[in-house]
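One-letter residues, chain by chain:
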Amino acid sequence: MERMHRNPLFNPDGDRELTKRFVINGNTTNLNDFNNMKYEWVSDWYRQTMNNFWIPEEINLAQDKKQYPQLVADEKRAYDKILSFLIFLDSIQTANLPSISQYITANEINLCLHIQTYQETIHSQSYSYMLDSIVEPNQRDEILYQWRDDEHLLKRNKFIGDQYNAFQIDPTVDNFMRVMVANYILEGIYFYSGFMFFYNLARNGRMTGSAQQIRYINRDENTHLWLFRNIIHALREENPELFTPEKEEEYRAMLLEGTEQEIAWAEYVIGDRLEGLNSQMVTDYIRYLGNLRATGLGFAPLYEGYDEEPASMKWVSNYSNANMIRTDFFEARSTAYAKSGALVDDL
């Protein structure tokens, strides 16, 4: 397998011509030139993402601190385990993205990855803020590292973590592509049952501050998903040898594994034990998401008959929209932080 080489930091002999700029295996100058971009979609992504700035502490969690001890046992268990999983996802992304950028030779795409890295640190700060606001310090550490002791949670983390580690050990083009698909799975599938759980609590009048925090994280993750999908499409155009029928089937199998893990995880933490959700609702929704992610990369759907958003889960979209110009239904304040419209996409 072709081994990739890290970009030199200083490269006066790098190619300046746009026709010689590629996502990988180019000869980059590392010069950031906002007026000379090959990948035109980067400009819209960059401006939208920069306008999505927010600060975790702006959201009041005082009511959540009072409500957390009053959650029923299954709700509290799900809250703790899902939060532990989200903490892991954003933490590993913060470490992984700089690793990827060392091998991407399109400077404008690296700009996007650097912004995403910054946003992942904000998300990690958000989860710490949530924990510090609602639980005691000893319980905080127990939740923070729960992913190390829970075999179900560890299995999920291992699926993504092993892909990332494999590229660190052996940076081949094939391993790079697996990392890109793994990123797409993380951003587009792995987060969603967790987000859904917090929105369901909020629509039942509980932990609304936590749900508001998740909404802003969700908005960022949508742009991250959009970014990786566009990078993968650019790789397909420039490197068709990475998208043979056999390789596409491998990537599709990864998507299927990620989706099935999400369904199994949701059964473990949510199941039929929570008010407002049941296993069938969640399974239908995750299969729909799996199909959406597969077709978003030009692959065949993973499941037959799950091409439309389930009617029982349409409320999720309403709760996840942090760009709506109106009074927030969680608290009487505007949530329209973004100065530009949300990216129009089928995420």
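Residues numbered from 1 in each chain as written. Predicted model: local features only at pLDDT ≥ 70, side-chain atom pairs only at ≥ 80, totals over all residues. Heavy atoms only, no water.

Draft legend 1. Looking closely at the overall build of the chain. Per the secondary structure count, the chain includes 13 helices and zero strands. Reading the chain from its N terminus to its C terminus gives the helix and strand order α-α-α-α-α-α-α-α-α-α-α-α-α. Against the 2.2 N^0.38 benchmark of 20 Å for 347 residues, the chain shows a C-alpha radius of gyration of 20 Å, consistent with a compact globule. In terms of principal-axis extent, the alpha carbons of the chain reach across some 65 × 40 × 40 Å. For the chain, with 347 residues in total, the buried portion stands at 57%. (Helix = DSSP H or I, 4+ residues; strand = E, 2+ residues; numbered from the N terminus. Rg over C-alpha atoms; globule rule 2.2 N^0.38 Å. Buried < 20%, exposed > 50% of the residue type's maximum accessible area, 1.4 Å probe, protein only.)

Draft legend 2. Representation of helix α1 (residues 41–50) within the structure. Here α1 has its buried residues at W41, V42, W45, Q48 and T49. Buried residues along α1 cover an arc of 135° about the axis, so they all sit on one side. Away from its buried face by more than 90 degrees, α1 exposes D44 and R47. If you follow the buried residues of α1, they end up packed against α4 (107–134) and α10 (208–238). (Arc of directions from axis to C-beta. Contact = heavy atoms within 4.5 Å.)

Draft legend 3. Representation of a nonpolar patch on the surface. On the surface, F53, I55 and Y118 cluster together into a nonpolar patch covering about 290 Å² of accessible area. Turning to its location among the elements, I55 is positioned in the loop between α1 and α2 (62–67). (Patch = residues over 30% accessible without salt bridge, like charges linked within 9 Å, V, L, I, M, F, W, Y side chains within 5 Å. Areas by Shrake-Rupley, 256 points an atom, 1.4 Å probe, with all protein chains shown as cover. Salt bridge = Lys/Arg side-chain N within 4 Å of Asp/Glu carboxyl O.)

Draft legend 4. Just the pattern of salt bridges, in detail. Counted according to the given criterion, the structure contains 15 salt bridges. The partner of R236 in a salt bridge is E248, with the nearest N and O atoms 2.5 Å apart. Of the two residues, R236 is situated in helix α10 and E248 in helix α11 (residues 245–269); the sequence distance between them amounts to twelve residues. Accessibility expressed as a relative area gives 19% for E248, which makes it buried. A cluster of three or more residues bridged by salt bridges with shared partners is formed by E75, R206 and E275.

Draft legend 5. Quick peek at the packing of aromatic side chains. Inspection of every chain in the model, using the stated rule, returns 19 aromatic pairs. Ring geometry for F85 and W265: centres 5.6 Å apart, planes at 55°, overall tilted. Note that F85 is positioned in helix α3 (residues 73–101) and W265 in helix α11, a separation of 180 residues in sequence. Residue F85 is classed as buried on the basis of its relative accessible area of 2%. Ring geometry for Y285 versus Y288: centroids 6.3 Å apart, planes at 40°, classification tilted. Here Y288 and Y285 lie together in helix α12 (residues 279–296), a separation of three residues that amounts to about one turn. Each residue in the set Y68, Y79, F197 and F198 is aromatic and connected to the rest through ring pairs, giving one cluster. It is R293 that lies over the ring of Y192; its NZ or CZ is 5.3 Å from the centre. (Phe/Tyr/Trp six-rings, centres within 6.5 Å; stacked < 30°, edge-to-face > 60°. Lys NZ or Arg CZ within 6 Å of the ring centre and 35° of its normal.)

Draft legend 6. Quick look at the confidence of the model for the chain. With 92% of its residues at a pLDDT of at least 70, the chain reaches an overall mean of 89. pLDDT under 50 marks residues 324–347. Its contacts with residues more than four places away, or in other chains, come to 61 contacts. (pLDDT = per-residue confidence, 0-100.)

Draft legend 7. Structural detail: unusual backbone geometry. Positive phi, close to 60°, is recorded for N25, a residue that is not glycine. Tracing the backbone through its elements, the reader meets N25 in the segment before α1. Relative accessible area serves as the criterion here: at 39%, N25 is assigned to the partly exposed category. Positive phi values are uncommon outside glycine, yet M207 reaches one of about 55°. Inspection of the secondary structure assignment puts M207 in the loop between α9 (192–203) and α10.

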